[in-house]
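Structure at a glance
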Amino acid sequence: MIPPAFDYARPSSVDEAVRALADAGEDAKVLAGGQSLLPLLRLRLAFPELVVDVGRIPELRGVREDGDTLAIGAMTTHHDVVRDPLVRRHAGLLAAATATVADPAVRHRGTLGGSLAHADPAGDLPAVVLALNAELVAQGPRGRRTIAARDFFVDYLQSALEPDELLVEVRVPKTDGWGFHYEKFHRVAQAYAIVGVAALVRRDNGRIAEARVGLTNMGATPLRATAAEEALAGAGDAQAITQASDAAAEGTRPAQDVSASSEYREQLARVLTKRAVLAASGMG
């Protein structure tokens, strides 16, 4: 299908992009890697009057250290996130989960910031940044503001970004010493996860001292499996992890669609949480 007509702008700086968004208001869309927006345009599910292409803004790319945090430019591609030595060393969960996104062609074009701003609960990375306690930095006409990942995802395909704001950076706390694993179930390769689980585990004296569990596609937004996290504290063997993982679906409202029933997704959340935590803790 042919997309509807729209005006096109290709700014060379963040300030220029913000001005373009502010002038257009709610009638503008940001084009990053295009892996989410272009299908919406082709299917005529989005009707922007202006598309602001931020692909030529160099300050939006790259990874740098900032104390105990990694600052990742929003336009850093999935491919570059996976290969970056700082990400692999200090945020292994992000690298591991990003390596499962779609296929190599998409990973070479798609961007970390674009995936997060799209706010699709079936996407892999929103649940990952939740588990990492990441922060997202937005810039608008009033300057920059930092949004905690837990506050960024508002509803289905809706983020906390204002129409005149641009996501410029993702700040990920280093998780050196934590075990990690991303586990997802999808019926065919490269498809969206029916359910995914991002697990981070910190052990002390052979037991789980702290666990974080992010859930993909278990509601209108990515979620933390807080009941399972609480139950996992102090777990010292596979049996305890299995019992704690039974709480993974508590408080969730998974959709029922052609891919799976709500009940099936709830069962998947329990099973995948068990697998992910066992792998992350080394007790599997």
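Residues numbered from 1 in each chain as written. Predicted model: local features only at pLDDT ≥ 70, side-chain atom pairs only at ≥ 80, totals over all residues. Heavy atoms only, no water.

1. Let's talk about the environment of valine 82
When you line up the elements, valine 82 lands in helix α3 (residues 78-83). Taking the C-alpha atoms as reference points, valine 82 and threonine 98, 16 residues apart in sequence, are found 6.3 Å from one another. Filtering out sequence-adjacent residues up to four positions away, valine 82 remains in contact with Arg88, Ala95, Thr98 and Ala99. (Helix = DSSP H or I, 4+ residues; strand = E, 2+ residues; numbered from the N terminus. Contact = heavy atoms within 4.5 Å.)

2. Thoughts on the packing of aromatic side chains
What the rule picks out here adds up to 2 aromatic pairs. Arranged with centres 5.2 Å apart and planes meeting at 85 degrees, the rings of phenylalanine 152 and phenylalanine 153 form a pair that is edge-to-face. When its relative accessible area of 0% is taken as the criterion, phenylalanine 152 is described as buried. By relative accessible area, which is 8% here, phenylalanine 153 ends up buried. Ring geometry for phenylalanine 185 against tyrosine 264: centres 6.4 Å apart, planes inclined by 85 degrees, an arrangement best described as edge-to-face. Taken together, the positions of phenylalanine 185 in strand β11 (residues 179-185) and tyrosine 264 in helix α12 (residues 262-281) put the pair 79 residues apart, joining distant regions of the chain. Note on phenylalanine 185: relative accessible area 27%, which makes it partly exposed. The class for tyrosine 264 is partly exposed, based on a relative accessible area of 34%. Just above the ring of tryptophan 178 sits the side chain of arginine 212; from NZ or CZ to the centre is 4.5 Å. (Phe/Tyr/Trp six-rings, centres within 6.5 Å; stacked < 30°, edge-to-face > 60°. Buried < 20%, exposed > 50% of the residue type's maximum accessible area, 1.4 Å probe, protein only. Lys NZ or Arg CZ within 6 Å of the ring centre and 35° of its normal.)

3. Side note on unusual backbone geometry
Negative phi is the rule for most residues except glycine; trans is the rule for most peptide bonds. Positive phi values are uncommon outside glycine, yet arginine 44 reaches one of about 55 degrees. Turning to its location among the elements, arginine 44 is positioned in the loop between α2 (37-42) and β3 (50-53).

4. Describing helix α8 (residues 124-131)
Helical geometry: 3.6 residues make up each α-helical turn, so side chains three or four residues apart lie on a common side. Judged by how many residues are buried, α8 sits mostly within the fold: 8 of 8 residues are covered. Looking at α8, one finds that the buried residues are Asp124, Leu125, Pro126, Ala127, Val128, Val129, Leu130 and Ala131. Following α8 by one or two positions, asparagine 133 has its phi on the positive side, about 55 degrees.

5. Some remarks on the pattern of salt bridges
Enumeration according to the criterion identifies 12 salt bridges in this entry. Here glutamate 169 makes a salt bridge to arginine 171, at a shortest N to O gap of 3.4 Å. The exposure class of arginine 171 is buried, given its relative accessible area of 16%. Overlapping salt bridges bring together Arg64, Asp66, Glu169 and Arg171 as one network. (Salt bridge = Lys/Arg side-chain N within 4 Å of Asp/Glu carboxyl O.)

6. Considering the nonpolar core
Formed by 37 residues in total, the largest nonpolar core has its most connected members in Val87, Leu94 and Leu116. Residues within four places of valine 87 in sequence aside, it is in contact with Val63, Leu70, Ile72, Val81, Gly92, Leu94 and Ala95. Listed in part, the 29 residues of the second largest apolar core include Val201, Ala211, Ala227 and Leu232. (Core = buried A, V, L, I, M, F, W, Y, C linked by side-chain atoms within 4.5 Å.)

7. Focus on the pairing of strand β13 (residues 207-216)
For β13, the tally of buried residues reaches 7 of 10 residues, placing the bulk of the element in the interior. The hairpin turn running from β13 into strand β14 (residues 223-224), its antiparallel successor, is 6 residues long, and asparagine 217 in that turn takes a positive phi close to 65 degrees. (Pairing = 2+ DSSP bridges.)

8. Here we look at the sheet that holds strand β12 (residues 195-204)
A sheet is described by the order of its strands in space; here 4 strands give the open sequence β11-β12-β13-β14, paired in antiparallel fashion. The open sheet terminates on both sides in strands that have one partner only, identified here as β11 and β14. Pairing between β11 and β12: 7 bridges, direction antiparallel. Bridging across to β12, histidine 181 finds its partner in alanine 199.

9. Some remarks on the sheet that holds strand β2 (residues 28-31)
In space, the 3 strands of this open sheet follow the order β1-β3-β2, with parallel pairing throughout. In this open sheet, the two strands that pair with only one neighbour each are β1 (7-9) and β2. Averaged over neighbouring strand pairs, the angle between their axes works out to 25 degrees when direction is ignored. Two strands pair when backbone bridges link them, and β2 and β3 are joined in this way by 4 bridges, in the parallel orientation. The residue of β3 that forms the bridge with valine 30 is valine 52. Together, β2 and β3 form the strand contacts of helix α1 (residues 14-24), whose direction differs from that of β3 by roughly 170 degrees. (Axes fitted to C-alpha atoms, helices over the stretch in contact; angles between N-to-C directions.)

So, to be careful, I would describe these as geometric facts and stop short of saying anything about function.
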